[in-house]
Amino acid sequence: MNNNLVYKVIVIGNASVGKTAFVRSYIFDNPHLENSATVGVEFMVKTIELPDKSTVKLQVWDIGGQDRSAFLMRSFCHRAHGCVLLFDVTNPPSFECVCHWKRAVEEKCLQEGRKPIPCILLANKCDLNERHVKFMDIDKLTNELGFICWKEISVKEKLNIEEAMMSLLQAMVTRTTNNLDYESQEEEYIRPGKSLSESKNADDDAIKWQ
């Protein structure tokens, strides 16, 4: 496999569902860095080692929950390879907005002749007792909207975060292997919005694909 692949992954969902904590937990293994709401966009980079010893870089873009205008979605979804959509199992309105977010991604990420990008649906805060979203409703919506899968996660307890991202990465790698519309992101490290780390400082230590 090309050892210079860079995948752009957007993380979206309503405000306060845990997107920023999810990204920071995945990248830095610490969800509690700067616990303020994201204004605009942040991104971070992680290097992944694949079974064949090649590596890929994930650009993980945290899009603020209020940024749902057509202009912003078009700008920040441009040339994305995958999508993570979060909602809060204790907050039914965040689940009700999943349809809106998924359709926005399909509208803004699609280019003529291209297939939809792989998307996973993540049900955050499963460690809390006050669940208000039913499993059967999540299953139904996952099938209806064409997510590749859904998973329960807890950013606080660091539950299923790596597994969720590996599911998405596998789908993106399969798409690349099948020569479906891969476009390199090598020149797109710095984009409009707030970035936590410049590209030259953003690489994490490589982790193993398990």
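To start, this report covers the structure provided alongside it. Predicted, not measured: the structure shown is a model, and the values here were computed from it. (Residues numbered from 1 in each chain as written. Predicted model: local features only at pLDDT ≥ 70, side-chain atom pairs only at ≥ 80, totals over all residues. Heavy atoms only, no water.)

Below, the discussion takes up the pairing of strand β4 (residues 82–88). Among the seven residues of β4, seven are classified as buried, and the element is accordingly described as predominantly covered. Both faces of β4 are covered, namely the face carrying Gly 82, Val 84, Leu 86 and Asp 88 and the face carrying Cys 83, Leu 85 and Phe 87. Direction of pairing for β4 relative to strand β5 (residues 119–124): parallel, over a ladder of six bridges. Paired with Phe 87 across the two strands is Ala 123, which belongs to β5. (Buried < 20%, exposed > 50% of the residue type's maximum accessible area, 1.4 Å probe, protein only. Helix = DSSP H or I, 4+ residues; strand = E, 2+ residues; numbered from the N terminus. Pairing = 2+ DSSP bridges.)

All right, on to the side chain of Lys 46 then. Locating Lys 46 in the fold gives a position in strand β2 (residues 41–49). A distance of 2.4 Å separates a polar atom in the side chain of Lys 46 from the backbone oxygen of Tyr 26. (Polar contact = N/O pair within 3.5 Å; in protein donor to acceptor, adjacent residues only side chain to side chain.)

Let us now look at the pattern of salt bridges. A full pass over the atoms with the stated rule returns seven salt bridges. With a closest N to O distance of 3.7 Å, Glu 49 and Lys 53 form a salt bridge. Linking Glu 152 and Arg 131 is a salt bridge whose minimum nitrogen-to-oxygen distance equals 1.7 Å. Of the two residues, Glu 152 sits in strand β6 (residues 149–152) while Arg 131 sits in the loop between β5 and α5 (135–145), which places them 21 residues apart along the sequence. (Salt bridge = Lys/Arg side-chain N within 4 Å of Asp/Glu carboxyl O.)

The next subject is the packing of aromatic side chains. All chains considered together, the criterion is met by three aromatic pairs. Ring plane angle 55° and centroid distance 4.9 Å describe the contact between Phe 87 and Phe 95, whose orientation is recorded as tilted. By the burial criterion, Phe 87 is buried, and Phe 95 matches it. If you follow Lys 46 out to its NZ or CZ, it ends over the ring of Tyr 26, 4.3 Å from the centre. The ring of Phe 135 has Arg 131 lying over it, and the distance from NZ or CZ to the ring centre is 4.5 Å. (Phe/Tyr/Trp six-rings, centres within 6.5 Å; stacked < 30°, edge-to-face > 60°. Lys NZ or Arg CZ within 6 Å of the ring centre and 35° of its normal.)

Most peptide bonds are trans, and most residues other than glycine sit at a negative phi. You will see that Ser 16, though not glycine, has its phi angle at about 70°, which is positive. For Ser 16, the location among the structural elements is in the loop between β1 (5–12) and α1 (19–28). Given a relative accessible area of 65%, Ser 16 falls into the exposed group. Even without a glycine there, the phi angle at Asn 160 is positive, about 70°. Note that Asn 160 resides in the loop between β6 and α6 (161–177). The exposure class of Asn 160 is partly exposed, given its relative accessible area of 26%.

Here the focus is the pairing of β1. Across the eight residues of β1, eight count as buried, placing the element largely inside the fold. Burial along β1 is two-sided: Leu 5, Tyr 7, Val 9 and Val 11 facing one way and Val 6, Lys 8, Ile 10 and Ile 12 facing the other are all buried. Where β1 lies against strand β3 (residues 55–63), seven bridges are found, and the strand directions are parallel. Bridging across to β3, Leu 5 finds its partner in Val 56. With four bridges joining them, β1 and β4 adopt parallel strand pairing. Of the residues in β4, the one forming a bridge with Val 11 is Val 84.

For the rest of this paragraph, the subject is the nonpolar core. Membership of the largest hydrophobic core comes to 30 residues, with the highest contact counts inside it found for Phe 22, Leu 58, Val 84 and Leu 169. Put simply, the parts of the chain that give this core at least two residues each are β1, α1, β2, β3, β4, β5 and α6. With eight residues, α6 is the single largest residue contributor to this core. For Val 84, the residues in contact, after removing those within four places along its chain, are Val 9, Ile 10, Val 11, Ile 12, Phe 22, Ile 120, Leu 122, Met 165 and Leu 168. (Core = buried A, V, L, I, M, F, W, Y, C linked by side-chain atoms within 4.5 Å. Contact = heavy atoms within 4.5 Å.)

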